[in-house]
Amino acid sequence: MTVDERAARQVAEQARETRWQRPSFGKELFLGHFRVDLIHPHPTGSPEDRRRGEAFLEKLRAFTEQHIDNTIIERDAQIPDEVLKGLKDLGAFGMKIKPEYGGVGLTQVYYNKALMLVGSASPAIGAMLSAHQSIGVPQPVAMFGNEEQKQEFLPRCAKGEITAFLLTEPDVGSDPARLGTTAVEDGDDYVLNGVKLWTTNGVVADLLVVMAQTTKGITAFVVEADAEGITVENRNAFMGLRGLENGVTRFHDVKVPKKNVIGKPGAGLKIALATLNTGRLSLPALCAGSAKWCLKIAREWSSERVQWGLPVGKHEAIAGKIAYIAATAYALEAVLDLSSELADAGSHDIRIEAALAKLYASEKAWLVADELVQIRGGRGYETAESQAARGERGIAAEQVLRDLRINRIFEGSTEIMHLLIAREAVDAHLSVAGDIIDPDADRNAKVKAAAKAGAFYAKWLPTLAVGKGQTPTAFTEFGPLAKHLRFTERSARKLARQTFYAMSRWQGKMERKQRFLSRIVDIGAELFAISAACVRAQQDQNPNAQMLADAFAKQARIRVDELFEKLWKNTDDSDQTLANQVLKGDYTWLEQGVLDASIPGGWIADSTHRESTAENVHRPTPR
């Protein structure tokens, strides 16, 4: 399916939530307004929520310790049926589903804690539970389904019927305008045809959320996984998450009742994006959990291992890595908890906060795991089974590094997250001045936009000149951390000024400046993390927590300064020129002297609509 750039952008734009009906810390931050009052103090949930959450965590911990063996899952590349059965009986597949539909009814905060716990025992199980509840059937049906759909599907999900979310196709990733799966009306049904790739949980799923093109646009369906015409053609294998039940699913003349449409026909992408607003917080939970585990191993190993007469942790080269791991682990949990508390309260629009949490956690957790592998040296590169076989404690550092790598791609790659957040960050500007740079806008629209923009910027620009960050006594309620919040306030105003200058300079061409926009977003992410860490430390009233927040803020401030410098001092233009020449084939001579050991085949698999000729590897799990 051929779609030009403008049409593709229009599809994505139409799927956005365009209104800001609730306050947003992230939105204000990118506008240069450091609204710490929106996050401090923040809600902490009810006593009943905490009682229910702690009771479930206690049961989950006992089950996890007694029945989940990561070594077996890693070796066999499959979660044992008896483990899945136990998790279903425990209610782990219904953690976020309300009790009236048979679920446990955990808040986002405690759901995250549960994912951290079970994910530390087996990242594959953490990914399965996350995909099922965060983006599978439970979340979109709970948010957009009618009462009949909730009554039909949510109790099944709560009892352990596994679900999957099917959007990606062999030739369609983050460009849904080119979606090839179709759903054609046929009486009381739709008939689905198409191929879906990387269907996490799809190999064992009982229910599917499927996105398909209809005459009214992309539409979301709940589909029975054993329906006639559905074939799971392959169980995919990856560098990490070896127990992940991820496959290729083909639909050939699959009938789906019209009553299984979630929301309205044509609203599929809006539903997907809205689902991800809170669903994205599951990945930061798994990342934060991994960072906490890395800290534990780094501490224990660096105290035990002696070189040149000292524990390796006493050597500055390793001490710096330990400090980075500790400070980052604290910040990741602070970002996660803050975003989750705001999600539970429901009084804030957290689309930017959740996206920043996903982006930041996936990037930083990967670096944390890489530092742990380095601290462990050769043992960091060795498998846990190999270490145990020769008589040492089996530490799966290399596995954690492999398992975490996918989070920079899952649910929106880092590059796509940068663009998504950047679009939200400049939303206020486009709302008032968009027609000025829109080549299709007529003269009358441009004149109106100019007047509107003039009024907006006359009020907004003066707010970026001075602020509390320049007052030595500002934020004193945060004690020694106040200086970091003053830095954050000053930097937020500077970030907004730089964004405005860039828009003035490049106007409509700014969307092409993807590396510039990525740095803008990364600055915002660091400022958000500093804010979350300081707020958490102040609420903890723990001197050790304040030391962690202080260390993190110092490290993050250096990164912020570097990012600001790189906004205008970089190699973006020359890199683009070089890349263009490489793509033209000007440097094929550089590739000479090596062999390409790749397995022959096309770059993209066939996704034409046809009946499957492959064996169906769909594997129902015990209930």
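It should be noted that the structure appears before, not after, this text.
Being a predicted model, the structure only gives us computed values, none of them experimental. Numbering of residues starts from 1 in each chain and follows the order in which that chain's sequence is written. Selection of residues for local features in this predicted model requires a pLDDT of at least 70, selection of side-chain atom pairs for listing and counting requires 80 or more, and totals for whole chains, interfaces and linings are taken over all residues. To get the side-chain values, all heavy atoms of the structure are used, and hydrogens and water are removed first.

Engineer: Explanation requested: the overall build of the protein in the structure shown.
Structural biologist: Secondary structure counts use DSSP, requiring at least four H or I residues in a row for a helix and at least two E residues in a row for a strand, with both numbered from the N terminus. Broken down by element type, the protein carries 23 helices and 10 strands. A compact globule built from 623 residues should have a C-alpha radius of gyration of about 25 Å, and the protein, at 25 Å, falls within 12% of that. In the protein, which comprises 623 residues, the proportion classed as buried is 54%. Contacts between residues were defined by any pair of non-hydrogen atoms, one from each residue, lying within 4.5 Å. A sequence separation of at least 24 residues applies to 76% of the contacts in the protein between residues at least 6 apart. Lys and Arg are tallied as positive, Asp and Glu as negative. Neither His nor the chain termini are counted. By convention, charge coordinates are those of NZ in Lys, CZ in Arg, CG in Asp, or CD in Glu. For the protein, the distance from the average site of its 78 positive side-chain charges to the average site of its 80 negative ones is 6 Å. This radius of gyration counts C-alpha atoms alone. The globule rule is 2.2 Å times how many residues there are, raised to the power 0.38. Note on exposure labels: buried denotes an accessible area under 20% of the residue type's maximum, exposed denotes more than 50%, and partly exposed covers the range between, all computed with a 1.4 Å probe on protein chains only.

Engineer: How should I be thinking about unusual backbone geometry in this particular structure?
Structural biologist: For residues besides glycine, phi is generally negative; the peptide bonds are generally trans as well. Looking along the chain, the bond that leaves His 40 and enters Pro 41 is cis, with omega of -10°. Looking at the secondary structure, you find Pro 41 in the loop between helix 2 (25–30) and helix 3 (47–67). A positive phi angle, close to 45°, is found at Leu 241, a residue other than glycine. Locating Leu 241 in the fold gives a position in the loop between strand 6 (230–235) and strand 7 (246–257). The residue Glu 411 is not glycine, and still its phi comes out positive at about 50°.

Engineer: What am I meant to see in the environment of Thr 275 here?
Structural biologist: Counting through the fold element by element, Thr 275 comes out in helix 10 (residues 268–279). Using a relative accessible area of 3% as the deciding quantity, one classes Thr 275 as buried. Taking the C-alpha atoms as reference, Thr 275 lies 9.4 Å from Gly 136; in sequence the two are 139 residues apart. Dropping the residues within four chain positions of it, Thr 275 is found in contact with Ser 134, Ile 135, Gln 139, Pro 140, Met 143 and Phe 144. Any pair of N or O atoms that falls within 3.5 Å is considered a polar contact. Within protein, one atom must be able to donate a hydrogen and the other to accept it, and sequence-neighbouring residues count only if both atoms are side-chain atoms. Among the polar contacts listed, one links the side chain of Thr 275 to the backbone oxygen of Ile 271, at a separation of 2.7 Å.

Engineer: Can you help me understand helix 18 (residues 427–437) in this one?
Structural biologist: Residues spaced three or four apart along an α-helix face the same direction, because each turn holds 3.6 residues. Along helix 18, the residues classified as buried are Asp 427, Ala 428, His 429, Val 432, Ala 433 and Gly 434. Buried residues along helix 18 sit against helix 17 (414–425), helix 19 (443–460) and helix 20 (482–506).

Engineer: Is there a simple way to think about the pairing of strand 1 (residues 163–166) in this case?
Structural biologist: Side-chain positions along a regular strand alternate between the two faces of the sheet. Side chains Thr 163 and Phe 165 project from strand 1 onto one buried face, and the interleaved Ala 164 and Leu 166 project onto a second face that is buried too. Strands pair, by our definition, only if DSSP identifies at least two bridges between them. One ladder, built from four bridges, connects strand 1 with strand 4 (residues 207–214); its direction is parallel. From the neighbouring strand, Leu 166 faces strand 4, where its bridge partner is Val 210.

Engineer: Quick question: what am I supposed to make of the packing of helix 12 (residues 316–345) against helix 13 (residues 351–376) here?
Structural biologist: How two helices sit against one another is set out by the angle between their axes and by the gap between those axes. Comment: axis = line fitted to C-alpha atoms, over the contacting stretch for helices; angle = value between 0 and 180 degrees taken between N-to-C directions. Interhelical geometry of helix 12 versus helix 13 gives an angle of 155° and a closest axis separation of 10 Å. In this view, helix 12 runs roughly antiparallel relative to helix 13, as classed from their interaxial angle. Judged by the twist between their axes, the crossing of helix 12 over helix 13 is left-handed. For the pair helix 12 and helix 13, the contacting residues are Ile 318, Lys 321, Ile 322, Tyr 324, Ile 325, Thr 328, Leu 332, Val 335 and Ser 339 in the first and Glu 353, Ala 357, Tyr 360, Ala 361, Lys 364, Ala 365, Leu 367, Val 368, Glu 371, Leu 372, Gln 374 and Ile 375 in the second. Three categories are distinguished: nonpolar for Ala, Val, Leu, Ile, Met, Phe, Trp, Tyr, Cys and Pro, charged for Asp, Glu, Lys and Arg, and polar for the others, with Gly belonging to the last. When the residues that make up the contact of helix 12 with helix 13 are grouped by side-chain class, the tally is 14 nonpolar, three polar and four charged. Here the angle decides the label: under 35 degrees means roughly parallel, over 145 means roughly antiparallel, 65 to 115 means roughly perpendicular, and every other value means oblique. By definition, any crossing whose near helix is turned counterclockwise from its far helix by less than a right angle is left-handed, and any crossing with a clockwise turn is right-handed.

Engineer: Even after reading the chapter, I still don't get the packing of aromatic side chains, so can you show me in this structure?
Structural biologist: Two descriptors summarise a pair of aromatic rings, namely the distance from one centre to the other and the angle between the planes of the rings. Ring pairs are drawn from Phe, Tyr and Trp, using the six-membered ring of Trp, whenever the two centres fall within 6.5 Å, and their geometry is named by plane angle: stacked under 30 degrees, edge-to-face over 60, tilted for the rest. Under the definition given, this model contains 14 aromatic pairs. Measuring from ring centre to ring centre gives 5.6 Å for Phe 34 and Phe 475, while their planes differ by 70°; the resulting arrangement is edge-to-face. Note that Phe 34 is positioned in the loop between helix 2 and helix 3 and Phe 475 in the loop between helix 19 and helix 20, a separation of 441 residues in sequence. Note on Phe 34: relative accessible area 10%, which makes it buried. Here Tyr 457 and Phe 500 contribute two aromatic rings whose centre-to-centre distance is 4.9 Å and whose plane-to-plane angle is 55°, an arrangement assigned as tilted. Note that Tyr 457 is positioned in helix 19 and Phe 500 in helix 20, a separation of 43 residues in sequence. Linked through ring pairs, Phe 25, Phe 34, Phe 475 and Phe 528 together constitute an aromatic cluster. By the criterion adopted, a ring carries a charge over it if an Arg CZ or a Lys NZ lies within 6 Å of its centre and within 35 degrees of its normal. The ring of Phe 475 has Lys 468 lying over it, and the distance from NZ or CZ to the ring centre is 4.4 Å.

Engineer: Quick question: what am I supposed to make of the pairing of strand 2 (residues 182–186) here?
Structural biologist: The sheet contact formed by strand 2 and strand 3 (residues 189–200) spans five bridges and is antiparallel. Within strand 3, the residue paired with Val 184 across the bridge is Val 191. Taking the residues that link successive antiparallel strands as the turn, the strand 2-strand 3 hairpin has two residues, and the phi of Gly 187 there is positive, at about 65°.

Engineer: Looking at this structure, I do not really get the environment of Arg 51. What am I missing?
Structural biologist: For Arg 51, the location among the structural elements is in helix 3. Linking Arg 51 and Arg 443, residues 392 residues apart in sequence, is a C-alpha distance of 61 Å. Within the structure, Arg 51 has its side chain in polar contact with the side chain of Glu 48 (distance 2.8 Å).

Engineer: Explanation requested: the pattern of salt bridges in the structure shown.
Structural biologist: It is possible for side chains bearing opposite charge to pair when their charged atoms get close. In what follows, salt bridge is the name for a side-chain nitrogen of Lys or Arg lying within 4 Å of a carboxyl oxygen of Asp or Glu. For the structure shown, the criterion picks out 48 salt bridges. Linking Glu 224 and Arg 156 is a salt bridge whose minimum nitrogen-to-oxygen distance equals 2.9 Å. Within this pair, whereas Glu 224 is found in strand 5 (residues 217–224), its partner Arg 156 is found in helix 9 (residues 147–159), the two being separated by 68 residues in sequence. Ionic contacts of the salt-bridge type, sharing partners, join the residues Arg 156, Glu 161, Asp 206, Glu 224 and Arg 623 into one network.

Engineer: How should the packing of helix 18 against helix 19 be read in this particular structure?
Structural biologist: At their nearest, the axes of helix 18 and helix 19 sit 7 Å apart, and the two run at 145° to each other. When you trace helix 18 past helix 19, the crossing you get is left-handed. Contacts from Ala 428, His 429, Ser 431, Val 432, Ala 433, Asp 435, Ile 436 and Ile 437 of helix 18 reach helix 19 at Ala 445, Lys 446, Ala 449, Ala 450, Lys 452, Ala 453, Phe 456, Tyr 457 and Trp 460. Split into classes, the residues belonging to the contact of helix 18 with helix 19 amount to 12 nonpolar, two polar and three charged.

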